[in-house]
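Chain and residue survey
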Amino acid sequence: MASTGENETPARGVLHRLLSIFAEVKPREVFSVLVLTLNVFLLLTGYYLLKVVREPLILAGGGLEIGGQKLDLDGPEVKAYAAAGQALLLVGVVRAYGAMARRFGRMQLTTALTLFFAGNLVIFFFLARLGVPLGVPFYLWVGCFNLTVIAQFWSFANDVYTPEQGKRLFAIVGIGSSLGAMFGAQIAKRVYVPIGPYNMMLVAAGVLLACLWLTYLVHRDDLAGPGGGPKKADAPPGGAAGGFKIIAGDRYLLLIAALTLVLNWVNSTGEYILDRTLIESATSALGQESAPAAAGEKAPAAAGEEAPAAAGEKAPAAAEGADPGAPLAAGAPVYLVDPEASRLLEGKIAAVKGAAFDVEAGGKVVEGAEKGLVHPRTEKGKKAALGAIIGTFKGDFFYWVNTLGVVLQLFLVSRIFKYFGVRFALFILPTIALLGNASLAVLPALAVVRVAKIAENSTDYSVQNTARQALFLPVGRDAKYSAKAAIDTFVVRAGDVLAAVGVIVGQVLALSVRHFAMVNIALALAWLGVVVGIAREHKRRAADEQDAEDLKAA
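First, a word on scope: everything that follows refers to the structure included in this document. (Residues numbered from 1 in each chain as written. Predicted model: local features only at pLDDT ≥ 70, side-chain atom pairs only at ≥ 80, totals over all residues. Heavy atoms only, no water.)

**Observations regarding the overall build of the chain**
Selection rule: Note on conventions: DSSP H or I runs of at least 4 residues are helices, E runs of at least 2 residues are strands, and numbering of each starts at the N terminus. Residue burial is assigned from relative accessible area. The probe radius is 1.4 Å, only protein chains are included, and a residue is buried under 20% of its type maximum, exposed over 50%, and partly exposed in between. In this description, contact between two residues means that some pair of their heavy atoms is separated by no more than 4.5 Å. The Shrake-Rupley method, run with a 1.4 Å probe sphere, supplies the accessible areas, and residue values consider only the shown protein chains as cover.
Assigned secondary structure in the chain consists of 17 helices and seven strands. Across the 554 residues of the chain, 50% fall into the buried class. When contacts within the chain are restricted to residue pairs at least 6 apart in sequence, those whose partners lie at least 24 apart make up 78%. For the chain, the accessible surface area stands at approximately 25,100 Å², while carbon and sulfur atoms represent 64% of it.

The following block contains the structure:
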C-alpha cells in the first residue's frame, strides 16, 4: 500500500497545499496521487483518439463480411450488430485476463496488457496501409481495449491504496478521468485532419507506453514506502477461481455487478431517448410553414419530397436531387437549420449575399444565414441539414456534460465522500435518473431530456464513477483484478445489449418516448433497491475491516 508518512520536501509542500483544496492529501501521498491522475488522464486521451478513428471506419467503411461475402448493411446497422457482439467477445477477454492475473504480479500484468494493446495498434496501422477493411474488427477491439485497460488502471489503484486512502484520494484521481474525457475529444478533433486516422493509432500506442512508465513510477514509490514490500506486489493478484466464479460466490460482488448492469441499461436507454427526441424535434416543423393548398390546387410536397413540376415545365434544379453543395439562387426551395431550437425549417431563398443568404422560412426572413445552415430541399440536402443540427446539438451537449463533470469532480466529490461517505454517494445518480425520467414521462420535450441527460451523464462521469471504483477497496486482491475486470467489461456491455433489446421491442410495439421513460423509471427504482443492498454489505465489510485493524493495532 502507498505510505502515509509525513516527510515533506519543499516542492511537495507546495503541491500538497494545492491538492488539499480538492481533498485531504498527506504529504507522502502527493507523488502517487499526481502520477495516477496524470496516468488516467492520458488513458482517456488515448481512448478518445481511438474513438474518433473508430467512428468513420465503421460508419463509412463497415467492413462486415461473412464467408468472404460482404453484407449489404449501412454503417449504423453494422455498428449496432458490432456493439452486441462485444458482449460475447468480452467473455473470452475476461477469461484470458483472469488466467494472466493468476500467473503474473501486478506490474507484470500491467506491462503485458499494455504492450499487447500497443502492439495491436501497430498491427492495425500496417493493415490499414495495406487496404484491409478494419471497420468491425477495430470497433470490437476499441470496445475491449477501453473497458479492459481502464479496469486494469483502477484495479492497480485499488491495490496501491488502502480503503481509507482510496476514500480520500480517488476523488483527485478521478479528476484526471474527467479532464481526459473533456480534453481528449478536443485534441482528437484537432489532430484528425493534420495527421490522419492511421497515424493517430501510432500516437495512441505511444500514449499507452507513457502510461506504462507512469504506472511503474507509482509501483516503485509504493514499494519504497514504509508499508510497501515486493512480496505482496509481485504475488499474482488473481485467485484460483476466474472472475465470473468469484462474482457468483460473493453477494457483495453480485450486487456491484447488478448495479453496473442496471446503470448501463438506464444510461443506454436514455441515450436512445435523447437521440430520438432530437430527430423528432428537428423534423417536427417541416411542412408547417406552407399554407394549405387552395381549392383545386395541389398540396405542397411533403418534407423531403420534391414539388411536382407543372405540365411541360421542368422542375427547379434544387428539386431534382442536385448536389447539396451546388450554388443556390434566389427563389430556390431550401432547408434552413435553426441551431438555437435544434430544428429544420422549410423555406426559400429571398436573396443571395455572397456566401450568406436571406431565407424566408417560418413566417419570417432570416438574414445572412451561413452556407452551412442552408441546404437545397432535396433528400441529400435534408440529410446534410440534419447532420448539422445533430453535430451542433451534440457538441454543445458534450461540452456541458464534461464541464459540469469536471466541476463536480473538482469541488464536490471529495466533500461528499468526506462528510457523507461512499454509500451516500451511490444514491445520487439513481435519484437523478428517476427524477429526470419522471419529468420526461410528463413532458417529453427536447429541452427536458437535454437537461436530464446532462445532469445524469455529468454525475455518472464524476460522483458515480469515483464511488463505484471505491466499492472495490474492501475486497480481496483476486476480486480487485479478476472480478473487477469481468464487471467492468462483460457486465457493462451486457447492460448495453439489454438496452438494445428494449429498443427493438419498443419499435415492434410502437412505444413512444413516454413509454421508454417509464421503463427507465422502473429500472431506476430497481437500481435504488440494489444500492440499498450494496450499502448494507459495504457497511458490514467496512466494520469487519475496522475490527481487523483494531486487533492488529492491539
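From this point, the narrative continues.
**As for the packing of helix H10 (residues 251-283) against helix H16 (residues 477-508)**
Relative orientation and spacing of two packed helices are given, respectively, by the angle between their axes and the distance between those axes. Condition: A fitted line through C-alpha atoms serves as each axis, taken over the contacting stretch for helices, and the angle formed by two N-to-C directions is quoted from 0 to 180°. In this scheme the handedness of a crossing depends on how the near helix is turned from the far one: anticlockwise by less than a right angle means left-handed, clockwise means right-handed. Gly falls in the polar group here, along with every residue not listed as nonpolar (Ala, Val, Leu, Ile, Met, Phe, Trp, Tyr, Cys, Pro) or charged (Asp, Glu, Lys, Arg).
Interaxial distance between H10 and H16 falls to 7 Å at its minimum, and their mutual angle equals 35°. Relative to H16, H10 is oriented so that their crossing is right-handed. Along its contact with H10, which presents Leu253, Ile256, Ala257, Thr260, Leu261, Asn264, Trp265, Ser268, Thr269 and Tyr272, the element H16 presents Ala479, Ala483, Ile487, Val491, Val492, Ala494, Gly495, Asp496, Leu498, Ala499, Val503 and Gln507. Across the contact of H10 with H16, the residue classes break down as 15 nonpolar, six polar and one charged.

**Considering a positive patch on the surface**
Applied cut-off: Patch rule: a residue counts if its relative accessible area is over 30% and it has no salt bridge; like charges are joined within 9 Å, and nonpolar side chains (Val, Leu, Ile, Met, Phe, Trp, Tyr) within 5 Å. Salt bridges are counted wherever a side-chain nitrogen of Lys or Arg sits within 4 Å of a carboxyl oxygen of Asp or Glu. The positive count covers Lys and Arg only, the negative count covers Asp and Glu only, and His and the chain ends enter neither. By convention, charge coordinates are those of NZ in Lys, CZ in Arg, CG in Asp, or CD in Glu.
Taken together, the side chains of Arg95, Arg102, Arg103 and Lys245 define a basic patch exposed on the protein surface. The topology assignment puts Lys245 in helix H9 (residues 243-248). Note on Lys245: relative accessible area 65%, which makes it exposed.

**Description of the pattern of salt bridges**
Evaluated as defined, the whole model comprises 14 salt bridges. The residue Glu271 makes a salt bridge to Lys453 at a minimum N-O spacing of 3.6 Å. One end of the pair, Glu271, is in helix H10; the other, Lys453, is in helix H15 (residues 446-470), and 182 residues separate them in sequence. The exposure class assigned to Lys453 is buried, which follows from its relative accessible area of 3%. Arg468 serves as the salt-bridge partner of Asp488, at 2.9 Å between the closest nitrogen and oxygen. You can see Asp488 sitting in helix H16 and its partner Arg468 sitting in helix H15, a full 20 residues away along the chain. No difference in accessibility class separates Asp488 from Arg468, as the two residues are buried. One salt-bridge network, held together by shared partners, links Glu29, Glu164 and Arg168.

**Let's talk about the sheet that holds strand E6 (residues 364-370)**
Each strand in a sheet pairs with another by means of backbone hydrogen bonds, the pair being arranged parallel or else antiparallel. The cut-off we apply is this: One requirement defines pairing of two strands: DSSP has to find at least two bridges between them.
Strand order across the open sheet formed by five strands is E6-E5-E4-E3-E7, with antiparallel pairing between neighbours. Only two strands of the sheet have a single neighbouring strand rather than two, namely E6 and strand E7 (374-376). The average undirected angle you get between the axes of adjacent strands in this sheet is 45°.

**Some words on the nonpolar core**
Filter applied, for reference: Within this scheme, the nonpolar core is defined by two criteria: the residues are buried Ala, Val, Leu, Ile, Met, Phe, Trp, Tyr or Cys, and they are joined through side-chain atoms within 4.5 Å.
In this structure, Leu121, Phe138, Trp141, Leu253, Trp527 and Ile534 are the most contacted members of the largest nonpolar core, which totals 98 residues. The residues touching Leu121, leaving out its near neighbours within four places in the chain, are Leu50, Phe138, Trp141, Met201, Ala204, Ala205 and Leu208. Formed by 25 residues, the second largest nonpolar core is a distinct cluster that contains Leu274, Ala282, Leu386 and Ile454.

**Digging into the packing of helix H4 (residues 106-129) against helix H7 (residues 197-224)**
Filter applied, for reference: Here the word oblique covers every angle except those under 35 degrees (roughly parallel), over 145 (roughly antiparallel) and from 65 to 115 (roughly perpendicular).
Two elements in contact, H4 and H7, have axes whose closest approach is 9 Å; the angle formed by their N-to-C orientations is 170°. As summarised for this structure, H4 and H7 are arranged roughly antiparallel, according to the angle between their axes. Residue classes in the contact of H4 with H7 are distributed as 18 nonpolar, six polar and three charged.

**So, the packing of aromatic side chains**
Selection rule: Two rings from Phe, Tyr or Trp (for Trp, the six-membered ring) form a pair when their centres are within 6.5 Å of each other. A pair whose planes differ by under 30 degrees is stacked, one over 60 is edge-to-face, and the rest are tilted.
One pass over the full model with this rule turns up 14 aromatic pairs. Among the aromatic residues, ring-to-ring pairing joins Phe116, Phe117, Phe124, Phe138, Trp141 and Phe145 into one connected group.

**Some details on a nonpolar patch on the surface**
A cluster of nonpolar side chains, Val501, Ile504, Val505, Val508 and Leu509, forms an exposed patch at the surface whose accessible area comes to about 480 Å². Note on placement: Leu509 falls in the loop between H16 and helix H17 (513-553). Judged by its relative accessible area of 56%, Leu509 is exposed.

**Some remarks on the pairing of strand E4 (residues 343-353)**
Here strand E3 (residues 333-338) runs beside E4; their pairing, made up of six bridges, is antiparallel. Paired with Leu336 across the two strands is Leu345, which belongs to E4. Between the antiparallel neighbours E3 and E4 lie four residues, among them Ser342 with a positive phi of about 50°. Judged from the six bridges that link them, E4 and strand E5 (residues 356-361) form a sheet pairing that is antiparallel. When the bridges of E5 are listed, Val352 appears paired with Phe357. Between the end of E4 and the start of E5, which pair antiparallel, lie two residues, with Gly354 showing a positive phi angle near 65°.

**What about unusual backbone geometry?**
Phi at Ala510 is positive, roughly 60°, even though this residue is not glycine. Looking at where Ala510 falls in the secondary structure, it is placed in the loop between H16 and H17.

**Some points on the side chain of Asn267**
As for its placement among the helices and strands, Asn267 is situated in helix H10. Not counting the four nearest positions on each side in its chain, Asn267 is found in contact with Lys453, Glu456 and Asn457.

**What about the pairing of E3?**
For E3, a buried count of six out of six residues is recorded, marking the element as mostly surrounded by other parts of the structure. Burial along E3 is two-sided: Pro333, Tyr335 and Val337 and Val334, Leu336 and Asp338, pointing in opposite directions, are all buried. Strand direction decides the pairing type here: E3 and E7, joined by three bridges, are antiparallel. Each bridged residue has a counterpart across the sheet, and for Val334 the counterpart in E7 is Pro376.

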